[in-house]
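# Structure assessment
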Amino acid sequence: MIFAFCRSRAFSRLQSHLRLCSTMAGASTGEKRVAALMIGNELLNGEVQDVNVKELAKFVTQRGAKLRAVEFIPDEYDVIADRAKYWSEHADLVVTSGGIGTTHDDITYEALARAFGLPLQLHQPTSDKIRAAVAERAKTGDAPAWNDALDRMATFPHPSRILVTPDTWVPTVVVNKNIYVLPGVPRLYRLMLSSLAEDVGSGSVFTSSLYTRAFESDIADVLASVQERFPHVAIGSYPNVHYVGVRNTPEDVHRVRLSFSGDSEDAVQRAVSAAAQAIPDAQETDVFV
């Protein structure tokens, strides 16, 4: 990522543009480090495009935590076990995605059991919920026949902590105290992130976005200076992807969006103020007139 910065034409209005990204009030409980393991051959061979990382990143950032690493790994026992053990030791929370279905390549639970020397055990309450869901679907004539494959989705490393999410029978299974096992299906993944909220915490993040028609290379040095002065504010530069490589960018659109974020409103304000003095055309809206 290339860092850049910007200024506002009406910095006195900046505070009204700062957005407190927090779903819970109160003081920060401390920054949590989160790692993600996205599991599935289909993600690595291009058959499926991942959308879950973005959801996780937004979820943890809004709660004052930091997504520190994302790894895409195949459906292989040794790889899943190795990366799970590593990140369990180096992150506060590890969130997995995928590999918990009914077929032979759904091996996440078994791989985690091997990683930590745990037995696999049927979780009867989850099995009962699956049976109830199948019975309900059978009323419409659209349900699988019951067989042991369905119980694969209710067979977890033991002991595990089971977190329940309303509106789905699929539980979040917590292995080795900090590995949160989620499905790869985007709708369920997004829904079940809420089960992590208490453990992720309730910190606050303040953000502000400003825009400029300057080229990134023309403002990179100044941004580096601002970043050095405010090391606890994350400063990012993001080209307008609709016009990257276009020779003549329309005069009414920005070339670069500049982002400031941090857990201190005052620090974010001062970083933007410092940047605002260096780029004459930067402004708070993305349309130039």
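For the structure itself, consult the block above.
What comes next concerns the included structure. (Residues numbered from 1 in each chain as written. Predicted model: local features only at pLDDT ≥ 70, side-chain atom pairs only at ≥ 80, totals over all residues. Heavy atoms only, no water.)

### A look at unusual backbone geometry
Between His-158 and Pro-159 the backbone carries a cis peptide bond, its omega angle lying at 5°. Relative to the helices and strands, Pro-159 is located in the loop between strand E6 (155–157) and strand E7 (161–163). At Asp-167, a residue that is not glycine, the phi angle is positive and equals roughly 75°. Relative to the elements of secondary structure, Asp-167 occurs in the loop between E7 and strand E8 (172–175). For Asp-167, a relative accessible area of 75% puts it in the exposed group. With a phi close to 55°, Asn-176 is a non-glycine residue in the positive phi region. Secondary-structure assignment places Asn-176 in the loop between E8 and strand E9 (179–182). Overall, Asn-176 belongs to the partly exposed group, its relative accessible area being 34%. (Helix = DSSP H or I, 4+ residues; strand = E, 2+ residues; numbered from the N terminus. Buried < 20%, exposed > 50% of the residue type's maximum accessible area, 1.4 Å probe, protein only.)

### Concerning the packing of aromatic side chains
The tally for this structure, following the rule as stated, stands at two aromatic pairs. Considering the side-chain rings of Tyr-86 and Trp-87, the 4.9 Å spacing of their centres and the 90° angle between planes classify their relative orientation as edge-to-face. A cation sits over an aromatic face here: Arg-63 above Phe-59, 3.8 Å from the ring centre. The ring centre of Phe-215 lies 4.1 Å from the NZ or CZ of Arg-255, which sits over that ring. (Phe/Tyr/Trp six-rings, centres within 6.5 Å; stacked < 30°, edge-to-face > 60°. Lys NZ or Arg CZ within 6 Å of the ring centre and 35° of its normal.)

### Section: the layout of surface pockets
Estimated volume of the second largest pocket: approximately 680 Å³. Listing elements by their share of the lining of the second largest pocket, those giving two or more residues are helix H2 (41–44), helix H6 (124–138) and helix H8 (186–192). A per-element tally of the lining of the second largest pocket places H6 first, with four residues. Considered class by class, the residues forming the lining of the second largest pocket number 19 nonpolar, 10 polar and six charged. (1 Å grid on protein atoms, 1.4 Å probe; cavity = no way out; pocket = protein on both sides within 12 Å on 5 of 7 lines; lining within 4 Å. Points joined across faces, edges and corners; volume = space filled by probe spheres on them. Nonpolar A, V, L, I, M, F, W, Y, C, P; charged D, E, K, R; others polar.)

### Some points on the pairing of strand E4 (residues 93–97)
The buried count for E4 comes to five of five residues, which makes it a mostly enclosed element. Burial along E4 is two-sided: Leu-93, Val-95 and Ser-97 and Val-94 and Thr-96, pointing in opposite directions, are all buried. Where strand E2 (residues 33–39) lies against E4, five bridges are found, and the strand directions are parallel. Within the sheet, the bridge partner assigned to Val-34 lies in E4 and is Leu-93. (Pairing = 2+ DSSP bridges.)

### As for the pattern of salt bridges
The full count for this structure, using the stated rule, is 11 salt bridges. Taken together, the salt bridges that share partners define one network made up of Glu-31, Lys-66 and Arg-68. (Salt bridge = Lys/Arg side-chain N within 4 Å of Asp/Glu carboxyl O.)

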